[in-house]
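# Structure at a glance
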Amino acid sequence: MTENITSAARPAPPTGGFQEIDGRRVFVRRTGSDGPAVVFLPGASSVGLDYFLVQQQVSQFTTAVVYDRGGTGYSDPLPLPRTAAAVATELHELLHAQDIAAPYVMVAHSLGGAYTHRFAQLHPREVAGLVWLDAFHRDWDDFMPAEAALAAGERMAPDPAQIQQMRPALREMYTELVADYPEHLRLPLIDAHTSDEWLQAGFAERGNLVALAEELRAGPDIPDVPLIALTAEGVDPAQHALTSQQTRLRIAQRTLREVGEGKQRMIAALVSAVSHGEQRTVSGVGHSQLCFQRPDVVVQAIRDVVARV
């Protein structure tokens, strides 16, 4: 289903600015200098400023760019979900409009992996390295139990009444995640992340996971560039907050174990497909916590890929 997420009063970003792409405003924040530029691609329900702590540290040794895809975060609304090609083309136009020279080190988190892979398929010479943060893989279903298939993920969106019930838990979660952020960023991000507009956009973006995998399978593998993949081993608090207790009870411990084992095999296959690939496991944090609570690990992976480039 395609949704056009609109709001009468869109929140203004507490930092950063906009680049006009095809008559729409796309939020972007660029810091640092030199190259190769490091470009962050957020996951669903995430925005560029979620990677603020990581961006600040990366900008000390190279250019660092965060942005919000059209239809998400502080960028102007668009019907969601979108094809990977549409998102990749938008990002390509944004980087060139900002005069950010290629090739890039792409940092893909969660659903951002689908758009990163498509960007690399369309512009392989503009990708110098990859950092995979628990990111989307087109062959997910080949490694996962049926209960965790992409089609099941598409059906996870709660109805408005369930969102209202979850909002206090979500606010508590985001408050904890951004506890170390500057106050001028922290409070606006908490409010925006728990707004109907941002929550609906996050669910809508997940509405075509199967189609995204098929789109990527129609193109080539990721390019043979330096790649470091981080795999979070902890329980994801966002997943806990966004699913009902009844749904959680239906997910057997065996299924959770199979998902963990499947992720390890899937990422092992990913890094073995390139000449300089490495898998690093991060314990004690969940999928959505990675950049918030372990920016040191993420920054080190980026630094290592930049050095190899």
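Details of the structure are given in the entry above.
So, here's what we can say about the structure. Note that the structure is predicted; figures quoted are calculated from it, not measured.

## Side note on the overall build of the protein chain
If you tally the helices and strands in the protein chain, you get 14 helices and 10 strands. The globule rule puts the C-alpha radius of gyration for 309 residues at 19 Å, and the 18 Å found for the protein chain is close to it. For the C-alpha atoms alone, the extent of the protein chain along its principal axes is close to 50 × 45 × 35 Å. By the burial criterion, 55% of the 309 residues in the protein chain qualify as buried. Long-range contacts, defined here as pairs at least 24 residues apart, represent 79% of the contacts in the protein chain between residues at least 6 apart. When the accessible area of the protein chain is evaluated, it comes to approximately 13200 Å², of which 49% is carbon and sulfur surface.

## Some thoughts on unusual backbone geometry
Across the chain, the bulk of peptide bonds are trans and the bulk of non-glycine residues have phi less than zero. Residue proline 36 is reached from glycine 35 by a cis peptide bond, and omega for that bond is 5°. Position of proline 36 relative to the elements: it lies in the loop between β3 (24-31) and β4 (37-41). Geometrically, the link from leucine 80 to proline 81 is a cis peptide bond, its omega value of 5° lying close to zero. Secondary-structure assignment places proline 81 in the loop between β6 (79-80) and α2 (84-97).

## A look at the side chain of glutamate 205
Checked against the element boundaries, glutamate 205 lands in helix α8 (residues 196-205). Among the polar contacts made by the side chain of glutamate 205, one reaches the side chain of arginine 69 at a distance of 2.7 Å. Sequence-distant contacts of glutamate 205, defined by excluding residues within four places in its chain, comprise Ala44, Arg69, Thr72, Leu80, Pro81, Leu111 and Tyr115.

## Section: the packing of α2 against helix α3 (residues 112-122)
Remark: α2 packs on α3, axes separated minimally by 8 Å, with the N-to-C direction vectors making an angle of 70°. In terms of orientation, α2 lies roughly perpendicular with respect to α3. For the pair α2 and α3, the contacting residues are Ala84, Ala85, Val87, Ala88, Thr89, Leu91, His92 and Leu95 in the first and Ala114, Tyr115, Arg118, Phe119 and Leu122 in the second. Class assignment of the residues belonging to the contact of α2 with α3 gives a composition of 10 nonpolar, two polar and one charged.

## So, the sheet that holds β3
In space, the eight strands of this open sheet follow the order β2-β3-β5-β4-β7-β8-β9-β10, with mixed pairing throughout. The open sheet has two edge strands with one neighbour each: β2 (17-21) and β10 (277-282). On average, adjacent strands in this sheet sit at an angle of 25° to one another, irrespective of strand direction. Bridging between strand β9 (residues 227-232) and β10 involves six bridges; their strand directions are parallel. By the bridge assignment, alanine 232 is partnered in β10 with valine 282. The strands touched by α3 are β4, β7 (104-109) and β8 (127-133); relative to β7, the strand with the most contacts, the crossing angle is about 150°. Of the strands in this sheet, β4, β7, β8, β9 and β10 touch helix α14 (residues 295-308), which is tilted by about 165° from β9.

## Comments concerning the nonpolar core
As a rule of thumb, nonpolar side chains are buried together in soluble globular proteins. Ranked by size, the top nonpolar core spans 47 residues in total, and within it Leu91, Met106 and Phe136 carry the most contacts. Broken down by element, this core gets its largest block of residues, six residues, from α2. Look past the residues within four positions of phenylalanine 136 in its chain and what remains in contact with it is Ser110, Leu111, Gly113, Ala114, Leu150, Leu209, Leu212, Ala213 and Leu216. Among the nonpolar cores identified, the runner-up in size contains 25 residues, and Phe40, Val54, Val58 and Ala232 belong to it.

## With respect to the packing of aromatic side chains
Enumeration over the complete set of coordinates arrives at seven aromatic pairs. Between tyrosine 104 and phenylalanine 119 the ring centres are 6.3 Å apart and the planes differ by 65°, which places this aromatic pair in the edge-to-face class. Of this pair, tyrosine 104 sits in strand β7 while phenylalanine 119 sits in helix α3; the two residues are 15 residues apart in sequence, bridging distant segments of the chain. For the pair formed by tyrosine 104 and phenylalanine 119, the shared burial category is buried. Residues tyrosine 181 and phenylalanine 292 carry aromatic rings whose centres are separated by 5.9 Å and whose planes lie at 40° to one another, so their mutual orientation is tilted. Separated by 111 residues along the polypeptide, tyrosine 181 in the loop between α6 (160-177) and α7 (183-193) and phenylalanine 292 in helix α13 (residues 290-293) bring together distant segments of the chain. Here phenylalanine 292 falls in the buried class, since its relative accessible area comes to 8%. Among the aromatic residues, ring-to-ring pairing joins Phe18, Phe27, Tyr74 and Trp198 into one connected group. Seen from the ring of phenylalanine 18, arginine 25 lies directly overhead, with NZ or CZ sitting 4.1 Å from the centre.

Scoring rules and cut-offs
Here the residue numbers are simple positions, counted from 1 along each chain's written sequence. In view of the model being predicted, local features appear only for residues whose pLDDT reaches at least 70, and side-chain atom pairs are presented and counted only at 80 or more, with totals across whole chains, interfaces and linings using the full set of residues. Heavy atoms throughout the structure, all of them, feed into the side-chain values; hydrogens and water do not. Put simply, DSSP H or I for four residues or longer makes a helix, DSSP E for two residues or longer makes a strand, and each gets a number counted from the N terminus. Throughout, radius of gyration means the C-alpha value; the globule benchmark is 2.2 Å times the number of residues raised to the power 0.38. Relative accessibility under 20% of the residue-type maximum defines a buried residue, over 50% an exposed one, and the middle range a partly exposed one, all with a 1.4 Å probe and only protein chains included. In what follows, a contact means two residues having at least one pair of non-hydrogen atoms within 4.5 Å. Note on areas: these come from Shrake-Rupley sampling with a 1.4 Å probe, and a residue is covered only by the protein chains present in the view. Here a polar contact is recorded for every N or O atom pair within 3.5 Å, except that within protein the pair must consist of a potential hydrogen donor and a potential acceptor, and residues adjacent in sequence are included only if both atoms are side-chain atoms. What counts as an axis is a line fitted to C-alpha atoms, over the stretch in contact for a helix, and the angles between N-to-C directions run from 0 to 180 degrees. For this classification, under 35 degrees means roughly parallel, over 145 means roughly antiparallel, 65 to 115 means roughly perpendicular, and everything else is oblique. In this count, Pro and Cys sit with the nonpolar residues alongside Ala, Val, Leu, Ile, Met, Phe, Trp and Tyr, while Asp, Glu, Lys and Arg are called charged and the others, Gly among them, polar. Think of it this way: DSSP has to see at least two bridges between two strands before they count as a pair. Residue types Ala, Val, Leu, Ile, Met, Phe, Trp, Tyr and Cys, when buried and joined through side-chain atoms within 4.5 Å, form a set referred to as a nonpolar core. Between 30 and 60 degrees the pair is tilted, below 30 it is stacked and above 60 it is edge-to-face, where a pair is any two Phe, Tyr or Trp rings, Trp via its six-membered ring, whose centres lie within 6.5 Å. The rule for a charge over a ring is simple: NZ of Lys or CZ of Arg within 6 Å of the ring centre, and within 35 degrees of the ring normal.

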